[in-house]
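Chains, contacts and geometry: an overview
This is what each chain is made of:
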Amino acid sequence: MKKLYWAALSYMVLGLAAGLYYRELTKAHEFTGDTQLAVAHTHLLALGMLFFLVVLALDKAFGLSGNRLFTLFFWFYNAGLALTAAMMLVHGTMTVFGAESSAAISGIAGLGHILITLGLVHLFLALRKVLPGQRAEVG
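Please read all numbers here as calculations on a predicted model, not as lab measurements.

Looking only at helices and strands, the chain features four helices and zero strands. Along the chain, helices and strands appear, N-terminal first, in the series α-α-α-α. C-alpha atoms of the chain, sized along the principal axes, occupy 60 × 30 × 15 Å. Burial statistics for the chain: of 139 residues in total, 35% are counted as buried. In the chain, the 9 positive side-chain charges and the 6 negative ones have mean positions that sit 20 Å from each other.

On to the UniProt feature "transmembrane region" (unreviewed entry) in the chain, then. As annotated by UniProt and renumbered to match this structure, "transmembrane region" (unreviewed entry) occupies residues 35-58, 70-91 and 103-125. For residues 35-58, the helix share is 92%, the strand share is 0%, and the end-to-end C-alpha distance is 35 Å. The span residues 103-125 carries 100% helix and 0% strand; its end-to-end C-alpha distance comes to 33 Å.

This part takes up the environment of Val90. Structurally, Val90 is set in helix H3 (residues 68-97). Since its relative accessible area comes to 35%, Val90 is described here as partly exposed.

This paragraph deals with helix H4 (residues 103-130). Here H4 contains 28 residues, and its C-alpha end-to-end distance of 41 Å stays within 8% of the 40 Å for a straight helix at 1.5 Å per residue. Buried within H4 we find Ile105, Ala109, Gly112, Leu115, Ile116, Gly119, His122, Leu123, Ala126, Leu127 and Val130. On its buried face, H4 is in contact with helix H2 (37-62) and H3.

This part covers unusual backbone geometry. Excluding glycine, most residues fall at negative phi; most peptide bonds, likewise, are trans. At Glu30, a position not held by glycine, the phi torsion is positive, near 50 degrees. Mapping Glu30 onto the fold places it in the loop between helix H1 (2-28) and H2.

Right, let's get into the packing of H1 against H2. Closest axis-to-axis distance for the H1/H2 pair is 8 Å, and the angle between their directions is 165 degrees. By the angle class used here, H1 and H2 are roughly antiparallel. Here H1 and H2 pass one another in a crossing that is left-handed.

Residues Phe52 and Phe73 are the most contacted members of the largest nonpolar core, which totals 24 residues. Residue assignment for this core shows that the elements contributing at least two residues are H1, H2, H3 and H4. Counting residues per element, this core draws most heavily on H3, which supplies seven residues. Not counting residues within four places of it along the chain, the set of residues in contact with Phe73 comprises Phe51, Phe52, Val55, Gly119, His122 and Leu123.

Judged by side-chain polarity, Leu111, Ile114 and Leu118 come together as a nonpolar surface patch covering roughly 250 Å² of accessible area. On the accessibility criterion, Leu118 (34% relative accessible area) is partly exposed.

For the coordinates displayed, the defined rule picks out two salt bridges. Arg23 is the partner of Glu24 in a salt bridge, and the nearest nitrogen-oxygen pair spans 3.2 Å. Under the relative-accessibility criterion, Glu24 is labelled partly exposed at 32%. On the basis of relative accessibility, which here comes to 47%, the residue Arg23 falls in the partly exposed class. Among the ionic pairs, Lys27 bridges to Glu24, the shortest N-O distance being 3.7 Å. On the criterion of helical spacing, the pair formed by Lys27 and Glu24 is a turn pair, its members being three residues apart in helix H1.

Thresholds applied
- Residues numbered from 1 in each chain as written.
- Predicted model: local features only at pLDDT ≥ 70, side-chain atom pairs only at ≥ 80, totals over all residues.
- Heavy atoms only, no water.
- Helix = DSSP H or I, 4+ residues; strand = E, 2+ residues; numbered from the N terminus.
- Buried < 20%, exposed > 50% of the residue type's maximum accessible area, 1.4 Å probe, protein only.
- Lys, Arg positive; Asp, Glu negative; His and termini not counted.
- Charge placed at Lys NZ, Arg CZ, Asp CG, Glu CD.
- UniProt positions renumbered as here; feature names shortened; annotations may be inferred.
- Expected span 1.5 Å × (residues − 1).
- Contact = heavy atoms within 4.5 Å.
- Axes fitted to C-alpha atoms, helices over the stretch in contact; angles between N-to-C directions.
- Parallel < 35°, antiparallel > 145°, perpendicular 65-115°, else oblique.
- Left-handed = near helix turned anticlockwise from the far one by under 90°.
- Core = buried A, V, L, I, M, F, W, Y, C linked by side-chain atoms within 4.5 Å.
- Patch = residues over 30% accessible without salt bridge, like charges linked within 9 Å, V, L, I, M, F, W, Y side chains within 5 Å.
- Areas by Shrake-Rupley, 256 points an atom, 1.4 Å probe, with all protein chains shown as cover.
- Salt bridge = Lys/Arg side-chain N within 4 Å of Asp/Glu carboxyl O.

This is how it looks when you write it as structure tokens:
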């Protein structure tokens, strides 16, 4: 359960830092257009901090963290969210500086989304395994 707390706390710090970075970078460069930096902090706070606080409550209620499926969820989800958020920051920064984005950035962000999806699948499998009345059905 402690790793869920630390994950939530880490994403809170990263989310707030991303918001500050967006505000200061766009202000310093007098940028007024649309950029992915505008939503990077929201993604980190919602998909990171809030999500892990919910998973922490689920772990407290159902004892999720004791099985392999949960461990796979934790690492897939964190890797995916970190990759996705990093690409949002890179793409957003490039937009502010007027640089063209490449297909590689979109591809890497797509890989991040795939990892998040794998993490969510493992979370739901872990949940199914610990729900009352489900233990006998799931081998």
